[in-house]
Each structure stands twice: as structure tokens, then as C-alpha cells.
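Listed here are the chains, written in short residue letters.
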Amino acid sequence: MSETLDAVIVGAGFSGLYQLHLLRDRLGLSARVLEAGDGVGGTWYWNRYPGARCDSESHSYCYMFSRDLQQDWEWTERYPGQPEILRYLNHVADRFDLRRDIRLGTRVAAAAYDEAANLWQVETAGGERIAARFLITAVGCLSTANVPRIPGLESFAGCWYHTGEWPHEGVDFRGKRVGQIGTGSTGIQAVPVIAETAAHLTVFQRTANYSVPARNAPLDAGFKDWVRANYDAIRDITRATTNGHPFTIADRPALSVSAEERQALYEKAWERGGLQFRATFGDILTDRAANDTAVAFLKAKIRGIVTDPQTAALLTDFDHPYATKRPPIDTDYFEAYNRDNVTLVDVRAAPIERITPAGIRTRDAEYPLDIIVFATGFDAMTGPLLRIDIRGRGGVTLQEAWADGPRTYLGLQVAGFPNLFTMTGPGSPSVLCNMPVAIEQHAEWIADCIAHLRAQGLARIEAQPDAADRWVTEVNAAAEATLLPQASSSWYLGANVPGKPRVFMPYAGGMAQYRRICEGVAARGYEGFALA
Ligand code: N01
């Protein structure tokens, strides 16, 4: 006989840990987290690549639900590095006594909705079965590694690694010829660090990427005191802003000021560093002419850093407006190309044809390598869900329901899959937001929803197909109101995975707006959902 719980939560990252705390400690439910990794931390358990660091500032890249937690924990740097975030999440697991309800090393392979019993039958890769009333996926948006199918990979005589599945013991690059494919947020973080020890680093770039200096630095005592004293204000601003960051986006349009003033404002933002650069003007993401001013500024900056004009030209050969792909921030990324041991290869002009035993062969040349680093990103948002065999009413699989792309109501539920909640699912702001802010909002909404059901003596909630249809339309409209869909190679659109439906997945209407919508839905008795 399988065990029956109130809730199974899949994943022990930021989402799963907080969801467990809410369901178990606030609602008194029987809940268990099943986690594939051998430790808690989710993204931060797996992503241990060189230079791995969060691009959100540490005082906002954390939980805000507990004042005591915030007062006690002290971040050491402006942007938290992977080891520090992992320590933080382990601290949270201990502090809230979560481990006793987390089963590590347990991958969920399948989950089927049993209509007669109104239960989810969850099956692990090890064959264990657990039944639960609610199934909550806390699997992260960027947790399914995308290793491109390049012919010959299996023949490579050296070692290769994907950044999202990095060996815990690290990789020694000393004396090695390293090839890195990918120049997204991850690749941009990794390049300068790998270059420090590798004999030679060859970076294979398909799409030139913008980046702004992070200006990471240790936090001084004054700032730490300020953070402790301003807990409420920091929490409130992250909840009120479009992207969940602790800064507001300026209202002024880019072309409303003189060229000199615009330059001065961009200079100031460049010197301050970080994701706030894109908040310099209110219309950078909505008006092409405004965006062009940011592009011109960034091009000039990069050309001023990179000494070889040909390399600088390749690095600034942008094919999309600024910030329409997730804008990276960096520590000495462009500077790294001034080193003798770093070479940039344009694989848009001369694509990679195959991997040979000796290295990477492009249309034009062969590059001998000892190590290949795939900084090639993820099968984002839908990948982590679709690799679980999830079956709803009538045995319909999530794969079938999403054959033409993800369809959700609020990014929280899928019609035909009762009592399944998809934390930070497609159709929610998720990756367009500072993630812990999006995660807390979802965890709290789900906990409140389950509390409501229990208070009403109800046992089931299910998104209505027409509500989901309307929400899909709304998600598309929110994206179309911005320049975001103009980046044709963006993983927001699923464009990085061959064969994946081209659908703009996250909700681009802003976190604050989304929060209001979710609150309104709940206040109107869970409008758009059927409750029974
Ligand atoms: O992945 P990406 P990432 N041949 O998909 C290239 C988050 N993150 O891991 O642009 C050659 O952005 C691909 O080229 P192209 C953040 O949300 C957060 O860097 O598709 N190249 C691109 O250059 C981020 O957006 C933090 O043409 C190939 C790169 O690989 C998300 O994770 C830190 C290729 C992939 O870039 C993903 O970032 C780091 C091929 N076959 C990351 N296939 C934080 O701060 C792919 N590429 C929290």
C-alpha cells in the first residue's frame, strides 16, 4: 500500500523549501519534498560552474517572509556567489527544521491523477509510490540542461561538462586547452574565471550578447546595518516593482532628455553596475528608438574595452535589442578578450560542424581542445515539467496538453490537471523577475488557496479551459507590448531547443501587476477555477 499525504512537492530549491514550510508549519498538512539531488538548493546545488554567482543583489535575492531570518543572515558580497547561496538555503532548511520532510536522491519520474480517489499517484525513479491530494512542482525554470546534439560528442577524447551539471569536485583547467560554447549569462560569468587558469580558452559565440559590469564587492558594515534596519522597505519595494528588484524603473523616456544628459545617465548607471542599468529609462523595453540609445552606449563601451578591433566588432554584432534576452552582468568579461590566452570564434559565420576526438571543428577550422564547457543553457520552463510523465484527467499527458506550447492559467495550474500547482510555471513572471520574489508570491498564493479549500470543506481545484485560454491571450499580449519577442534566439521563446514550440513563456506584464491579478482572482472566489 502506498502512503497518502496531503501534498507532494517536487524539488528542494527556493520554491520547494518555502512551500514545505508553509504547508507543514502554517497549515499543519502532511507534506513531503522529493528532491533528485543529494542536497537541498535546487539551481544552486547543480550550478557550480566557475564564476557562478547571482545577478540579483544579495539583500534582495533571499526570502523575505521571515524578519528573523533576514536579521540573522549576513551576506558578504553585493552579489552572492553560488557557495554562499547554497549555505543560505542549507541554513534555511535547518532553521525551519525542513530536512525531516525532504527525501533527497529521489527523482520523481511520473505522476498520474486518479479521478476516482481525487489523488495524485506519484512514482519515483526508484519505483516508490506516494499518493497525495496536491502535487506541487517546485522544479525550477532552468534545471534541465540543454546539451546541443552536435555530431561526434561521444568521440571526444577529452572531458566535457555542462555548466548546470558541474562536478562537485570542480574542474582543474591548469595547462588545458578549453573550448567554451555559449555566451549567455552563465558563459559570460565563466569566461574570465576559466581564462585565469586555462592554458588557452577558445570561446565559441553564436549570438553576441550585451553585458554591463556587475561591480561586485564585499559589503561593508554600514550597508549590512542599513539592510537590517530597512527590512520592511526592501521587502515592499521588491513587491511593488516590475521585476522584483529593490529599485524602481525610471519613468522618463530615453528620448525625453538631451543626448548629453542621456549619456551622463547611462554613464552613471554603467558605473553603478548591475541589472539596474536597464532601469535608466522607462521605455528601454518598449520603444525601439529608446532601446537603440542603450545599444549605442553599450557598443561604445565594449569597443572601448576590447583592444582587438575584429574581436570588438564580433562582440558587438548584436542581432536583438538590448535586454530582450536576459541581460547578463559581468566581472571582466570583455576585458578577458584582451588576454593572450583567450580567442573568440564566430560560430554564426562558420557554424560548428562536429566534435572530433581532438576538439571542435567549425566550417572553417578545427580547434584542438582538452576540455569542452557547454554554457548552452536549459530547456527552460517547460523542460523540467515535461521530463516528468505527468498525466491528468483521462490519462492525458502534459506533453499532449502542451503539444503546441505551454497553456496555463496564471502559470499556476493546467486545465485537466486538478490539484496540480506549477510553481513559477510558464505564464507566470518567474524568470523575468528576481526569482525569490516570484517564488514567495506563488508559495503563499498556493498555501492560501489550499487553506481556502480546507476551510470550505473542498478537496479539488482545477483551472477552467476558458480561463486558461484567456490567460494565454493575456500572456501573449503582455509580451507583444514589449520588445521581448524581437529576440528570435531567446530561450524565453523556446528558440534555443530545436523542435520546441515558439511560444513566449513568461508573463511580461510585471510582477506587481501579476500579484494584483492573482490576488483579485482569489478575492473573487478563485475566479476561473472550478472548486469541488
Ligand atoms: O543559457 P542561455 P545560460 N551552438 O540560454 C549558446 C539564468 N542565469 O545558462 O544565443 C552554439 O542564456 C547560445 O547561443 P544563442 C538567467 O536567467 C542566472 O547562459 O542561442 N552556441 C547562448 O549564447 C539566464 O538567462 C544567473 O545563439 C549555442 C548560450 O549558448 C539563464 O540562466 C546566472 C548552442 C546559452 O545561453 C540561462 O543562461 C546565470 C549551439 N548549438 C544564468 N546552443 C543568475 O544570476 C546554445 N548556444 C541568477
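Our structure is the block above this text.
For clarity, every value in this text was computed on a predicted model and none was experimentally measured.

**Focus on empty space enclosed by the protein**
Point 1. Across all of its chains, the model carries four cavities of 30 Å³ or more by this definition.
Point 2. Roughly 170 Å³ of internal volume is contained in the largest cavity.
Point 3. Taken together, 15 residues make up the lining of the largest cavity; nearest its centre are Q70, W73, E74, W75 and V227.
Point 4. Secondary structure elements with two or more residues in the lining of the largest cavity: α3 (67-72) and α6 (221-229).
Point 5. In terms of residue count, α6 provides more of the lining of the largest cavity than any other element does, four residues in total.
Point 6. Here the second largest cavity defines a volume of roughly 80 Å³.
Point 7. The wall of the second largest cavity is formed by P406, R407, T408, P426, G427, W471, V472, V475, N476, V503, F504 and M505.
Point 8. A per-class count over the lining of the second largest cavity returns eight nonpolar, three polar and one charged.

**With respect to the environment of Y79**
Point 1. Position of Y79 among the secondary structure elements: in the loop between α3 and α4 (82-95).
Point 2. Sequence-distant contacts of Y79, that is, excluding residues within four places in its chain, are made with R53, C54, D55, S56, E57, S58, A214, R215, N216, G273, G274 and I329.
Point 3. Side chain to side chain, Y79 and R78 meet in a polar contact 3.3 Å long.

**Let's talk about the packing of helix α8 (residues 259-272) against helix α9 (residues 288-305)**
Point 1. Where α8 contacts α9, the axes come no closer than 11 Å and their chain directions differ by 60°. Classified by the angle between their axes, α8 and α9 sit oblique to one another. In this structure, α8 crosses over α9, and the sense of that crossing is right-handed. Residues R262, Q263, Y266, E267 and W270 of α8 form the contact with α9, whose own contacting residues are A290, T293, A294, F297, L298, K301 and I305.
Point 2. Residues of the contact of α8 with α9, tallied by class, amount to seven nonpolar, two polar and three charged.

**Focus: the pattern of salt bridges**
Point 1. Evaluated as defined, the whole model comprises 33 salt bridges.
Point 2. Close ionic contact of R288 with D292 constitutes a salt bridge, the shortest N to O distance being 3.5 Å. Of this pair, R288 and D292 both sit in helix α9, four residues apart, which is roughly one turn of the helix.
Point 3. Among the residues examined, R288 registers a relative accessible area of 40% and is labelled partly exposed.
Point 4. It is possible to trace a salt-bridge network through shared partners that takes in R24, D25, D97, R100 and D101.

**A closer look at the sheet that holds strand β9 (residues 200-205)**
Through backbone hydrogen bonds, the strands of a sheet pair up, either in parallel or in antiparallel fashion.
Point 1. Pairing within the open sheet is parallel, and its five strands lie in the order β7-β16-β8-β9-β12. Every interior strand has two partners, whereas the edge strands, β7 (159-162) and β12 (342-346), have only one. The mean inter-strand angle of the sheet, taken between neighbouring strand axes irrespective of direction, is 20°.
Point 2. Inspection of the sheet shows β7 paired to strand β16 (residues 371-374) by four bridges, in the parallel sense. The residue of β16 that forms the bridge with Y161 is V373.
Point 3. Where helix α5 (residues 185-197) meets the sheet, it contacts β8 (177-181), β9, β12 and β16, and its direction lies at approximately 170° from that of β8.

**Quick look at the site of the ligand**
Point 1. Around the ligand lies a shell of 24 residues, among which D55, T186, R206, T207 and K325 are the nearest.
Point 2. A distance of 2.6 Å separates an oxygen atom of the ligand from a polar side-chain atom of T186.
Point 3. One nitrogen or oxygen atom from the side chain of W491 is found 3.0 Å from an oxygen atom belonging to the ligand.
Point 4. Considered on its own, the ligand offers 910 Å² of accessible surface; in the complex 89% of this is hidden by protein.
Point 5. Among the elements that make up the shell around the ligand, the one with the highest residue count is α5 (three residues).
Point 6. Broken down by class, the residue content of the shell around the ligand amounts to nine nonpolar, 10 polar and five charged.

**Concerning the side chain of T316**
Point 1. With respect to the secondary-structure elements, T316 resides in the loop between α10 (309-315) and β11 (329-330).
Point 2. A polar contact of 2.7 Å, which involves the side chain of T316, links it to the backbone oxygen of A312.
Point 3. Sequence-distant contacts of T316, that is, excluding residues within four places in its chain, are made with A208, K299, I302 and R303.

**So, the environment of P246**
Point 1. By the secondary structure assignment, P246 is in the loop between α7 (231-240) and α8.
Point 2. For P246 and A522, which are 276 residues apart along the polypeptide, the C-alpha to C-alpha distance reads 26 Å.
Point 3. Residues within four places of P246 in sequence aside, it is in contact with H59, S60, I237 and T238.

Parameters at a glance
Residues numbered from 1 in each chain as written. Predicted model: local features only at pLDDT ≥ 70, side-chain atom pairs only at ≥ 80, totals over all residues. Heavy atoms only, no water. 1 Å grid on protein atoms, 1.4 Å probe; cavity = no way out; pocket = protein on both sides within 12 Å on 5 of 7 lines; lining within 4 Å. Points joined across faces, edges and corners; volume = space filled by probe spheres on them. Helix = DSSP H or I, 4+ residues; strand = E, 2+ residues; numbered from the N terminus. Nonpolar A, V, L, I, M, F, W, Y, C, P; charged D, E, K, R; others polar. Contact = heavy atoms within 4.5 Å. Polar contact = N/O pair within 3.5 Å; in protein donor to acceptor, adjacent residues only side chain to side chain. Axes fitted to C-alpha atoms, helices over the stretch in contact; angles between N-to-C directions. Parallel < 35°, antiparallel > 145°, perpendicular 65-115°, else oblique. Left-handed = near helix turned anticlockwise from the far one by under 90°. Salt bridge = Lys/Arg side-chain N within 4 Å of Asp/Glu carboxyl O. Buried < 20%, exposed > 50% of the residue type's maximum accessible area, 1.4 Å probe, protein only. Pairing = 2+ DSSP bridges. Near = heavy atom within 4 Å. Areas by Shrake-Rupley, 256 points an atom, 1.4 Å probe, with all protein chains shown as cover.

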